[in-house]
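Structural characterization, general
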Amino acid sequence: MSILIDRTKCVGCGKCHDVCPGTLIKIDADKKAYIKYPKDCWGCTSCIKECPVYAIKFYLGADMGGRGSLVHTEKDGDIIRWITERFDGETVEIKINQKESNKY
Amino acid sequence: MKTERIRTDILIIGGGTAGCYAAMTIAEHSDAMVLICEKAHIKRSGCLAAGVNALNAYITEGRTPQDYVDYAKKDADGIVREDLLLTMSERLNSVTEKLEQLGLVILKDENGKYVTRGNRNLKINGENIKPILAAAVEKLPNVTVLNHVNITDFAVSENRIKGAFGIGIENDTFYIIEANAVIVATGGAAGLYKPNNPGFSRHKMWYPPFNTGAGYAMGIRAGAEMTTFEMRFIALRCKDTIAPTGTLAQGVGAKQINSLGEVYETKYGLTTSERVYGTVNENLEGRGPCYLRTESITEEQNESLMKAYLNMAPSQTLKWIESGKKPSEQNVEIEGTEPYIIGGHTASGYWVDTNRATTIKGLFAGGDVAGGCPQKYVTGALAEGEIAGFSAVEFIKQNNSEEIDEEAVRSHAEEIERFLGEDKSQFTTEQLEEAMQTVMDSYAGGIRTNYRFNEKQLDIADEKIVQLEKLSENLHADDFQELMYIYELRERLTVCRSVIAHLKARHETRWHSFAENLDYPEKDDVNWRKYVNSRLENGEIKIILRDLTEGGQTYEHFN
């Protein structure tokens, strides 16, 4: 499990680098973010929530049953939209209002 | 290499749950200058990075702090410090209110009262719990946060702490930090044992893989007394994603079933260790895999579970989405994790008094590094941060800061230069880490042996860990991040040796799986209702057995 960073979208703001709890993301000479240690990702998705241009996506490793789907979040006020592009092309979206508590 | 020397009143090592709350407490009750050194960034560091979906330690209406003490004591089969548990439990509700004031969303009923889950839990939206805490800390005028600074060792002489040494992993700097008091809040230790997914997803573990036991290792090296490292923690988790199971068990009432569909949890008991042990045993007896029975939950429960997991362990929701089946359409397979050392769930850590003072003068501990006080969860870690904060404030009123000896500064700088110097090592840090995890897995009760071990195996484990410690002296780092990895490996090796010594010392099996000693497979209440403590003396781990502190007694350090 790890993340993919889309170089073409990255604006080099460095927020993902700052927030990663493992300091695994670096900024290269072209001011683009890249994950230097992909095997060391914990899967916390902190970087994804920081990215202002939605350039970072999260996936499950094949060793944990991953099939190639990609997840990212987009923020809309108090709403976090969790968008999954499934491996079969389908898109699944789950909206969470940050002001609403979990029920379970 | 740059060198920076900083002087502060109180140094907090680790800006996680306990560390942040300690800083807030100090700022509210004194004018002391506080420095937090955080190896990542406090916004999302520590256990709360992805969020949490409930507050699991709260005194609900009609219950008392003593009830919480009794629950934790029962879960640990007696090996807890009641005085520590009580002082923590008395603060659980006030720290919860504080969190709500800071912006945490807690579910309330129409009368404005918290909605509880069971006897001890509150329902929240905890996705942003860490950014909330971090924002509160960043507003404090007397608190400075140094992000991306990894503390590697304490400066202690004659059992008095004077500060710490660290490395700035993004600015190639050697830090010498002098402080009158130090609060250690670095969390527990993950990555000692081979994890469930040892390959590409090796860091998809329950506990933060970045919590490498630094606080324990620094304390051990400095001669602090430690307790109960033999009570390892093994979490029962969703297979592959290593996501929490409590939300399924407590939230929607999912039972543990084997592959025959039989509910087996009642056969083994319901303590944390018994739930893991039962699962291991069902597999060994040919009735695996084991599951949490979610089939037939409602559509509304499906939807809520998918959201709840996104707020703390997004991998599990992705797993459901990828499989094309909702929780109601497939039971969730479960497995035990590799063992961790963590004083927030079990009782491993610094031997402290009720003020969270360690046996080193001027050093206080809170959260997962502090021992004797299990079942802390988030609010317990906050409570201990608060206590440690108050204690540090009191301490600096009566004590003056002392300068770090130049000899210690020199030897630390030389060590860093040696690791960054010419590459003469045949091995990499990664190789030695893998070797350590294999040794612990094979000989110190890892997943490979179904968490079981005997004395002979522990002796082999210790011998091999000592060899790896020796090899680690010659490792090479190309940059400061790799330097941090060398220090993290060495911390883990130090903790491994203490774990092995503690496992060997307790001649009984009090907790299945957590410490399953095949030489002593039974519980022995006559001889082993005791704490197993240890202290490093002249390079040797000395075991100290202490009588239980219970029934209203309070332990105090007399050294």
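Residues numbered from 1 in each chain as written. Chains lettered and ligands numbered in written order. Predicted model: local features only at pLDDT ≥ 70, side-chain atom pairs only at ≥ 80, totals over all residues.

1. Notes on the overall build of chain A
- Helix and strand content of chain A: two helices and seven strands.
- Its C-alpha atoms give chain A a radius of gyration of 14 Å, within 12% of the compact-globule value 13 Å for 104 residues.
- By principal-axis analysis of the C-alpha atoms, chain A measures approximately 45 × 35 × 25 Å.
- Split into buried and exposed, the 104 residues of chain A put 44% on the buried side.
- Pairs at least 24 residues apart make up 38% of the contacts formed inside chain A by residues separated by at least 6 positions. (Helix = DSSP H or I, 4+ residues; strand = E, 2+ residues; numbered from the N terminus. Rg over C-alpha atoms; globule rule 2.2 N^0.38 Å. Buried ≥ 20, exposed ≤ 12 C-beta atoms within 10 Å, placed from the backbone. Contact = placed C-beta atoms within 7 Å.)

2. Remarks on the overall build of chain B
- Secondary structure assignment for chain B yields 17 helices and 21 strands.
- Relative to the 2.2 N^0.38 estimate, which gives 24 Å for 559 residues, the radius of gyration of chain B is 22 Å and therefore close to what a compact globule would have.
- Considered along the principal axes of its C-alpha atoms, chain B spans approximately 65 × 55 × 50 Å.
- Scored against the burial criterion, the 559 residues of chain B give a buried share of 60%.

3. Section: the sheet that holds strand 20 (residues 530–537) of chain B
- With antiparallel pairing, the four strands of this open sheet are ordered in space as 16-11-20-21 (chain B). Every interior strand has two partners, whereas the edge strands, strand 16 (349–350) and strand 21 (540–547) of chain B, have only one. (Pairing = 2+ DSSP bridges.)

4. A look at the interface of chain B and chain A
- Chain B puts 48 residues into the contact, and the matching count from chain A is 38 residues.
- Residue composition of the side of chain B that touches chain A, by class: 21 nonpolar, 17 polar and ten charged. (Nonpolar A, V, L, I, M, F, W, Y, C, P; charged D, E, K, R; others polar.)

5. Let's talk about helix 4 (residues 92–102) of chain B
Residue and element names in this part refer to chain B.
- All of the buried residues in helix 4 are Leu92, Val95, Thr96 and Leu99. With its buried residues spanning 105° around the axis, helix 4 presents them on a single face. Exposed and facing more than 90 degrees away from the buried side of helix 4 are Glu97 and Gln101.
- Check the buried side of helix 4 and you find it contacts helix 1 (17–29), strand 3 (52–55), helix 3 (82–89), strand 6 (121–126) and helix 12 (377–398).
- Positive backbone phi, at 130°, marks Gly103, one or two positions downstream of helix 4. (Arc of directions from axis to C-beta.)

6. Some remarks on the environment of Glu295(B)
Residue and element names in this part refer to chain B.
- Looking at the secondary structure, you find Glu295 in the loop between strand 14 (290–292) and helix 10 (299–310).
- The class for Glu295 is partly exposed, based on 17 C-beta atoms found within 10 Å.
- Along the backbone, Glu295 and Ser328 are 33 residues apart, and their C-alpha atoms lie at a distance of 4.1 Å.
- Once you skip the residues sitting within four places of it in the chain, Glu295 turns out to touch Ser328, Glu329, Gln330 and Asn331.

7. Brief notes about the sheet that holds strand 14 of chain B
All names here are of chain B.
- Read from one edge of the open sheet, four strands run 12-15-14-13, paired in antiparallel fashion. Each having just a single partner strand, strand 12 (236–238) and strand 13 (256–257) make up the two edges of the open sheet.
- Note that strand 12 and strand 15 (residues 332–336) share three bridges and pair antiparallel. Across the sheet, residue Leu236 finds its bridge partner in strand 15, namely Gly336.

8. So, unusual backbone geometry
- In this structure, the amide linkage connecting Gly288(B) to the following residue, Pro289(B), adopts the cis form with an omega of -5°.
- The phi angle at Tyr54(A) is positive, at roughly 55°, despite the residue not being glycine.
- Positioned with a positive phi, Asp172(B) is a non-glycine residue whose angle comes to about 50°.
- Locating Asp172(B) in the fold gives a position in the loop between strand 9 (160–168) and strand 10 (173–184).

9. Notes on the domain arrangement of chain B
All names here are of chain B.
- One can read the domain layout of chain B as domain 1 (2–49 + 128–187 + 342–407), domain 2 (236–336) and domain 3 (417–543).
- On a C-alpha basis, the centres of domain 1 and domain 3 stand 25 Å from each other.
- Residue-level contacts link eight residues of domain 1 with seven residues of domain 3.
- Contributions of two or more residues to the side of domain 1 that touches domain 3 are made by strand 8 (149–157) and strand 9.
- Considered class by class, the residues forming the side of domain 1 that touches domain 3 number three nonpolar, four polar and one charged. (Domains from an automatic or database assignment.)

10. With respect to the packing of helix 4 of chain B against helix 12 of chain B
Residues and elements named next belong to chain B.
- Between helix 4 and helix 12, the shortest axis-to-axis distance is 9 Å and the interhelical angle comes to 100°. On the basis of the axis angle, helix 4 is roughly perpendicular to helix 12. The residues of helix 12 that touch helix 4, namely those facing Leu92, Val95 and Thr96, are Thr379, Gly380, Leu382, Ala383 and Glu386.
- Tallied by class, the residues present in the contact of helix 4 with helix 12 amount to four nonpolar, three polar and one charged. (Axes fitted to C-alpha atoms, helices over the stretch in contact; angles between N-to-C directions. Parallel < 35°, antiparallel > 145°, perpendicular 65-115°, else oblique.)

11. Some points on helix 6 (residues 214–221) of chain B
All names here are of chain B.
- Burial within helix 6 is extensive, with seven of its eight residues counted as buried.
- Those residues of helix 6 that fall on the buried side of the exposure criterion are Ala214, Gly215, Tyr216, Ala217, Met218, Gly219 and Ile220.
- Of the residues flanking the end of helix 6, it is Gly223, one or two places downstream, whose phi is positive at about 90°.

12. Focus on the pairing of strand 8 of chain B
All names here are of chain B.
- In terms of burial, strand 8 is largely enclosed, as seven of its nine residues are buried.
- Summarising the sheet, strand 8 and strand 9 pair through eight bridges and their orientation is antiparallel. Considered in strand 9, the bridge of Asp153 is made with Phe165.
- Count of turn residues in the strand 8/strand 9 antiparallel hairpin: two residues, of which Glu158 carries a positive phi of about 50°.

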